[in-house]
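Geometric and topological summary
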Amino acid sequence: MPETTNTLRLQVSTADAPPPSWAYSQGIVANGFLFTAGQTPHDPVTDETVGISIEEQTTRTMQNLAAVLAAHGLDFSHVVKASVHLHHPGRDAAGFNAIYEQFMVKPYPARTTVGSFLGDFLVEIDVVAVVPPVEPAS
Ligand SMILES: CC(=[NH2+])C(=O)[O-]
């Protein structure tokens, strides 16, 4: 369940995405936007890395992002910005994009992709999503 930390920041938390292993939240809502933590290709229950190919690992990562978005009633149509880290950007860009396109909704969010060292996995993605205003009761 979401946990209100103060009036400016609402914590988003779900068992359907890997629990944070360090000092961060899975998501934080502030000022009309949901900011997700970087999601990785880990199983939400076992925390094992899922798959060895960029396609498998991107699929699990996007499923984890979907779970964090869904925990606040959102989906990929609400995403306005994505930041992508690839362990092997030259080798994996095409495979990554093939999966990413299956999840993201046109017009595609703004995006930055960089090469990073990621430990024993190939991809990490975080997104910013807009939270629609709540309609006042009439
Ligand atoms: C995995 C992750 N989001 C972090 O910041 O370590």
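Residues numbered from 1 in each chain as written. Predicted model: local features only at pLDDT ≥ 70, side-chain atom pairs only at ≥ 80, totals over all residues. Heavy atoms only, no water.

In the annotation of an unreviewed UniProt entry, the entry for the protein reads 2-iminobutanoate/2-iminopropanoate deaminase, and the organism field reads Paeniglutamicibacter kerguelensis.

With that out of the way, let us pick up the overall build of the protein. Secondary structure assignment for the protein yields 2 helices and 7 strands. Across the protein, helices and strands are ordered from the amino to the carboxyl terminus as β-β-β-β-α-β-α-β-β. In summary, the protein has a C-alpha radius of gyration of 15 Å against a globular reference of 14 Å for 138 residues, a match within 12%. Principal-axis analysis of the C-alpha atoms gives the protein an extent of 55 × 35 × 20 Å. Classification of the 138 residues of the protein by burial places 39% in the buried group. In the protein, of all internal contacts separated by at least 6 residues, the share reaching a separation of at least 24 is 69%. Surface summary for the protein: the accessible area is close to 7600 Å², and the carbon and sulfur share equals 58%. (Helix = DSSP H or I, 4+ residues; strand = E, 2+ residues; numbered from the N terminus. Rg over C-alpha atoms; globule rule 2.2 N^0.38 Å. Buried < 20%, exposed > 50% of the residue type's maximum accessible area, 1.4 Å probe, protein only. Contact = heavy atoms within 4.5 Å. Areas by Shrake-Rupley, 256 points an atom, 1.4 Å probe, with all protein chains shown as cover.)

Attention now moves to the site of the ligand. With respect to spatial proximity, the complete set of residues near the ligand consists of Trp22, Tyr24, Gly38 and Glu124. Gly38 is positioned with one of its backbone polar atoms (N or O) 3.1 Å from a nitrogen atom of the ligand. Glu124 is positioned with one of its side-chain polar atoms (N or O) 3.4 Å from a nitrogen atom of the ligand. Starting from 220 Å² of accessible surface for the ligand in isolation, the protein chains cover 64%. Counted by class, the shell around the ligand contains 2 nonpolar, 1 polar and 1 charged residues. (Near = heavy atom within 4 Å. Polar contact = N/O pair within 3.5 Å; in protein donor to acceptor, adjacent residues only side chain to side chain. Nonpolar A, V, L, I, M, F, W, Y, C, P; charged D, E, K, R; others polar.)

Position of Asn31 among the secondary structure elements: in the loop between strand S3 (27-30) and strand S4 (33-36). The sequence separation of Asn31 and Phe76 amounts to 45 residues, and the corresponding C-alpha distance is 19 Å.

So, about the packing of aromatic side chains. Scanning the entire structure with this criterion turns up 3 aromatic pairs. Ring geometry for Phe76 against Phe103: centres 6.0 Å apart, planes inclined by 75 degrees, an arrangement best described as edge-to-face. Placement of the pair is Phe76 in the loop between helix H1 (54-70) and strand S5 (79-86) and Phe103 in helix H2 (residues 89-103), with a sequence separation of 27 residues. Residue Phe76 is classed as buried on the basis of its relative accessible area, which comes to 8%. Measuring from ring centre to ring centre gives 5.3 Å for Phe96 and Tyr100, while their planes differ by 40 degrees; the resulting arrangement is tilted. With Phe96 and Tyr100 both in helix H2 and 4 residues apart, this pair spans about one turn of that helix. Taking the relative accessible area as the measure of exposure, Phe96 reaches 1% and is therefore buried. Of the residues examined, Tyr100 reaches a relative accessible area of 3% and is grouped as buried. (Phe/Tyr/Trp six-rings, centres within 6.5 Å; stacked < 30°, edge-to-face > 60°.)

Further remarks concern unusual backbone geometry. Following Lys106, the chain continues into Pro107 via a peptide bond in cis, with omega recorded as -5 degrees. Positive phi, close to 55 degrees, is recorded for Asn31, a residue that is not glycine. Phi is positive for Asp47, close to 65 degrees, though the residue is something other than glycine. Looking at where Asp47 falls in the secondary structure, it is placed in the loop between S4 and H1. The class of Asp47 is partly exposed, set by a relative accessible area of 39%.

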